[in-house]
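# Inside the fold
Each chain is listed here by its residues.
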Amino acid sequence: MDFNVKKLASDAGVFFSRAMQFTEEKLGQAEKTELDAHFENLMARADCTKNWTEKILRQTEVLLQPNLSARVEEFLYEKLDRKVPSRVTNGELLAQYMTEAANDFGPGTPYGKTLIKVGETQRRLGAAERDFIQSASINFLTPLRNFLEGDWRTISKERRTLQNCRLDLDACKARLKKAKAAEAKAALWSDEVEKAEHELRLTQTEFDRQAEVTRLLLEGISSTHVNHLRCLHEFVESQTNYYAQCYQYMLDLQKQLGSSKGEIFSGTFVGNAESTSPPSAAASAPAGAAASLPAVPTIPVVPTIGGVPNAVAEGVLNPNEVKPPASGTRKARVLYDYEAADSTELALLADEMITVYSLPGMDPDWLIGERGNQKGKVPVTYLELLS
């Protein structure tokens, strides 16, 4: 019991002495032991590393999980050392809604088929996002967090200890100075001088030891930078793989949708063939003024024998048998690359210009296209018809 009381009294005395020394230093009434320039630079570099690591960590967390409530929930689970529950990504949720909508609208309808295709791609995007988040968390966030919660806490603790040792050292220097001043007036104070010198030697030794420990930890910040650099490369690599996957998934989806446009927009040739062109004046003019406006150009029709060309009537297009109209053909700009399915079709390259015209009895989603001596069917949805 007496030992505990004495220890508490001793601790209180040390705390009071440090507080007095710190206050007097702030007021300019006491001298302060300064650390060398190299040591100060090490501490400044460590503080800079800690501050920027915190900012990068927090912003990366926002990037990976923009939802604040979800981030707080994950933080609490981690602190409780419990497994974070699996959470559906936004892409996977959108895929679920699209699939359910397709089932209601009819999976065999053009809209339903497209919803299923887009929904499947969204599901794949969501799965890729989940993998990216997991990879970034393990390879990038975890090392940053380990530094802040491990190495930095150790550095901070040793720096506080060094600060206390410095305050004790400066307090001993002040007591020795006072004892020597008193000794000059009376020889009775010689014992106090010896005691103060002894305490100063002890505190100086403790301060030097603690300064060396702290210096070694601060110099270890260079190793931390090397480790974080490696983690940064891994983060960039995982992010690159993620975006490459997303791009490939969307490219595949675009090809699927492009190859099925003819089916999807069946029966809507006029409305969609002109969708990328500016609306005609007749479309927006009042009814009374329509008669005074020039006629909108249309796709010319090939003259037929008996109403329908032989090639179309038989259901097979022979490009050599198709003759273009004498006048009034239209130019069209190709919107996307198109690979011909057979010899009756014309392969297309994006942004090239071709001549097109229609044939009575043809599928409204197709036109006859000509490029020099080449001729064949082309899908309307791949074209921008020009006036």
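Preceding this paragraph is the structure being described.
Residues numbered from 1 in each chain as written. Predicted model: local features only at pLDDT ≥ 70, side-chain atom pairs only at ≥ 80, totals over all residues. Heavy atoms only, no water.

### Section: the overall build of the protein
Operational definition: Helix numbers and strand numbers start at the N terminus; a helix is a DSSP run of H or I with at least 4 residues, a strand a run of E with at least 2. Relative accessibility thresholds used throughout: buried, under 20% of the residue-type maximum; exposed, over 50%; partly exposed, between the two (1.4 Å probe, protein chains only). Residue-level accessible areas treat just the shown protein chains as cover; the underlying method is Shrake-Rupley with a 1.4 Å probe.
When helices and strands are tallied, the protein shows eleven helices and five strands. Out of the 387 residues in the protein, the part that is buried amounts to 32%. Here the protein has roughly 24,300 Å² of accessible surface; of this, 57% comes from carbon and sulfur atoms.

### Section: the nonpolar core
Threshold: In this text, buried Ala, Val, Leu, Ile, Met, Phe, Trp, Tyr and Cys residues form a nonpolar core when linked through side-chain atoms within 4.5 Å. Note on definitions: a residue-residue contact is assigned when non-hydrogen atoms from the two residues lie within 4.5 Å.
Grouped together as the largest cluster of nonpolar side chains are 35 residues, with contacts concentrated most on Phe 39, Phe 132, Phe 140 and Leu 218. Considering every element that reaches this core, the biggest residue donor is helix 5 (residues 110-183), with 17 residues. If near-sequence neighbours (up to four positions away) are discounted, Phe 39 is found in contact with Leu 162, Ala 211, Thr 214, Arg 215 and Leu 218. Within the second largest apolar cluster, 13 residues are counted, among which are Val 334, Leu 346, Leu 383 and Leu 385.

### Describing the pattern of salt bridges
Stated formally: Think of a salt bridge as a Lys or Arg side-chain nitrogen and an Asp or Glu carboxyl oxygen that are within 4 Å of each other.
For the structure on display, the rule yields 16 salt bridges. Among the salt bridges present, the one from Arg 159 reaches Asp 47, with a minimum N-O distance of 2.8 Å. Taken together, the positions of Arg 159 in helix 5 and Asp 47 in helix 2 (residues 37-64) put the pair 112 residues apart, joining distant regions of the chain. Using a relative accessible area of 28% as the deciding quantity, one classes Asp 47 as partly exposed.

### Considerations on the sheet that holds strand 4 (residues 374-379)
Going by this rule: Two strands form a pair only when DSSP identifies at least two bridges running between them. Geometry is summarised by axes, namely lines fitted to C-alpha atoms with helices restricted to the contacting stretch, and by angles between N-to-C directions that run from 0 to 180 degrees.
The strand order across the open sheet built from five strands is 4-3-2-1-5, with neighbouring strands paired in antiparallel fashion. The open sheet is flanked by strand 4 and strand 5 (383-385), the only strands paired with a single partner. Pairwise comparison of adjacent strand axes, ignoring direction, gives a mean angle of 40° for this sheet. For strand 2 (residues 353-357) and strand 3 (residues 366-371), the ladder comprises three bridges, and the chain directions are antiparallel. Counted as the bridge partner of Val 356 is Gly 369 from strand 3.

### Details of the side chain of Gln 210
Rules: Residues adjacent in sequence count toward polar contacts only when both atoms are side-chain atoms; beyond that, a polar contact is any pair of N or O atoms within 3.5 Å, and within protein one must be able to donate a hydrogen and the other to accept it.
Residue position: Gln 210 is located in helix 6 (residues 190-219). A residue is classified by how much of its surface remains accessible, and Gln 210, at 1% relative accessible area, is buried. At a separation of 3.3 Å, a polar atom in the side chain of Gln 210 contacts the side chain of Arg 209.

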